[in-house]
Amino acid sequence: MKIAGRPYRTIWLRPDGAIEVIDQARLPHEFVTEVLNSAADCARAIKTMVVRGAPLIGATAAYGVALAMRADASDAALTAAIAMLGATRPTAVNLHWALRRMERALSRLPVSARADAAFVEAAAICDEDVEVCRRIGVHGLACLKAAAATKSAGPLNVLTHCNAGWLATVDWGTALAPIYMAHDAGLGVHVWVDETRPRNQGASLTAYELGAHGVPHTIIADNAGGHLMQHGKVDLCIVGTDRVTRNGDVANKIGTYLKALAAKDNDVPFYVALPSSTIDWQLASGRDIPIEERSADELLQMTGRLANGDIARVAIAAPGSPGANPAFDVTPARLISAFITERGVCAASEEGLKSLFPKESE
Ligand code: MRU
């Protein structure tokens, strides 16, 4: 996607062999990139959310392994790099999917061939992510067109939570890919953007992306979605996900579950867009998904731009009050209307997933 007319991916290999990423912790106030020179740099970037979003976490970890192999391609170094990168964030399964893929590609090779092969494999993971997200966009566009055809007037109003746009992937995004395609195709679309407390990925990243592409959107407080649905102002919801279990339960940014409940109560279709790298075939249900607990500081403090242009972090609670910050929740499959994947649209169930991914489910 483009920023100020220039096409970007979220992660790329530099001519000097280092990796460069967009620092998402500083958006929307500053567009700054960061250079990652080692596996430890990649692990830190994932942990501090310089990069975030399930597919991009996986892509960054893959390049982390490649940087590790360039420094030392021994079996011990491969195992250590995978362990360090795998411990960065617990919920997004794409991280482990990418690390397993790197391990499979490298462990059978002689040590001397590993570094080059690792960069090739990491680049393939990135290129495939772009194509997979593009295909999610194509299949999701059909859902948006069908919904728009039932409306007599006005734009199609889509609600989304957190950021599942191109910033969360290598390009295109998952939940936002169909929206970009609908907008580009001239289908009138307007997006209700949940602010997504506590880190505000909706207000800071989704609104930034949509604005940069010219997609009409409105930021709303997380608590406003139910009210808008009751008043017929939401035609459908689309969110991304960090992990889908075998039975179709979905982990996504905290607050997704409440939106799905409100959507069910108001007969608003609730779609989840996902690449197959987000399916955890090993876990039977969402009860087993590890939920990341992050620092309460993310809740008790906020960062923003002051009128004088300075960027400041301020406290928003009385000193001494403790906070709790679970970063994800699980939406049961029964609340989800359908999954939008790179292979098409299916029911949110084991049968639905197996119908599109029979080999992968074995
Ligand atoms: O904590 P984050 O910002 O990494 O959480 C991101 C999300 O919850 C996204 O919705 C999810 O990763 C899907 S991204 C295509």
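In case you missed it, the structure is sitting above this.
What you see is a predicted model; the values in this text were computed from it and never measured.

The rules behind these values
Residues numbered from 1 in each chain as written. Predicted model: local features only at pLDDT ≥ 70, side-chain atom pairs only at ≥ 80, totals over all residues. Heavy atoms only, no water. Salt bridge = Lys/Arg side-chain N within 4 Å of Asp/Glu carboxyl O. Helix = DSSP H or I, 4+ residues; strand = E, 2+ residues; numbered from the N terminus. Buried < 20%, exposed > 50% of the residue type's maximum accessible area, 1.4 Å probe, protein only. Near = heavy atom within 4 Å. Polar contact = N/O pair within 3.5 Å; in protein donor to acceptor, adjacent residues only side chain to side chain. Areas by Shrake-Rupley, 256 points an atom, 1.4 Å probe, with all protein chains shown as cover. Nonpolar A, V, L, I, M, F, W, Y, C, P; charged D, E, K, R; others polar. Expected span 1.5 Å × (residues − 1). Arc of directions from axis to C-beta. Contact = heavy atoms within 4.5 Å. Core = buried A, V, L, I, M, F, W, Y, C linked by side-chain atoms within 4.5 Å. Domains from an automatic or database assignment. Pairing = 2+ DSSP bridges. Axes fitted to C-alpha atoms, helices over the stretch in contact; angles between N-to-C directions.

1. Thoughts on the pattern of salt bridges
Part 1: Counting across every chain of the model gives 21 salt bridges.
Part 2: For the salt bridge of R114 with D75, the shortest nitrogen-to-oxygen distance reads 2.8 Å. Of this pair, R114 sits in helix α5 (residues 111-149) while D75 is found in helix α3 (residues 75-86), placing the two residues 39 residues apart along the sequence.
Part 3: With relative accessibility at 3%, the residue R114 sits in the buried group.
Part 4: Between R343 and E360 there is a salt bridge, with its nearest N and O atoms 2.8 Å apart. Of this pair, R343 sits in the loop between β17 (338-341) and β18 (344-346) while E360 sits in the segment after α11 (350-356), and the two are 17 residues apart along the sequence.

2. Describing the site of the ligand
Part 1: Around the ligand lies a shell of 19 residues, among which A54, R89, Q201, N252 and K253 are the nearest.
Part 2: Here R52 contributes a side-chain N or O atom positioned 2.9 Å from an oxygen atom of the ligand.
Part 3: One of the backbone nitrogen or oxygen atoms of G53 is found 2.9 Å away from an oxygen atom of the ligand.
Part 4: Relative to its unbound accessible area of 420 Å², the ligand is 100% covered by the protein chains.
Part 5: Secondary structure elements with two or more residues in the shell around the ligand: α2 (54-71) and β11 (250-253).
Part 6: Grouping the amino acids of the shell around the ligand by side-chain chemistry returns seven nonpolar, eight polar and four charged.

3. Here's the deal with α3
Part 1: Counted at 1.5 Å a residue, the expected span for α3 with its 12 residues is 16 Å, and the 16 Å between its end C-alpha atoms agrees.
Part 2: The complete set of buried residues in α3 reads A77, L78, A81, I82, L85 and G86. Each buried residue of α3 lies within a common arc of 155 degrees when the element is viewed along its axis, so the set occupies one face. Facing away from the buried side of α3 by over 90 degrees, the exposed positions are A76 and T79.
Part 3: Buried residues in α3 make contact with α1 (39-47), α2 and α4 (94-107).

4. Notes on unusual backbone geometry
Part 1: With an omega of 5 degrees, the peptide bond between L27 and P28 qualifies as cis.
Part 2: Along the polypeptide, P28 turns up in the loop between β4 (19-22) and β5 (33-36).
Part 3: One non-glycine residue, C162, lies in positive phi territory at about 60 degrees.
Part 4: Examined against the element boundaries, C162 turns out to sit in the loop between β6 (156-160) and α6 (177-184).
Part 5: The backbone of D267 sits at a positive phi, close to 55 degrees, despite the residue not being glycine.
Part 6: Tracing the backbone shows D267 in the loop between α9 (256-265) and β12 (270-273).
Part 7: We classify D267 as exposed; its relative accessible area is 70%.

5. Comments concerning the nonpolar core
Part 1: By size, the foremost hydrophobic cluster in this structure holds 82 residues, and its most contacted members are I11, V65, M69, L144 and I179.
Part 2: With 14 residues, α5 is the single largest residue contributor to this core.
Part 3: In terms of domain composition, this core takes at least three residues from each of domain 1 (2-128) and domain 2 (137-356).
Part 4: The residues contacting V65, other than those within four sequence positions of it, are L78, I82, L85, L99, M102 and L106.
Part 5: Within the second largest apolar cluster, 28 residues are counted, among which are W192, V272, I279 and I336.

6. A short note on the sheet that holds β6
Part 1: In spatial order, the strands read β8-β7-β6-β9-β12-β17-β18; together these seven strands make up an open sheet with mixed pairing. The open sheet terminates on both sides in strands that have one partner only, identified here as β8 (217-220) and β18. When strand polarity is set aside, the average angle formed by the axes of neighbouring strands in this sheet is 25 degrees.
Part 2: Bridging between strand β9 (residues 236-239) and β12 involves three bridges; their strand directions are parallel. Its bridge partner being in β12, C237 is matched across the sheet by F270.

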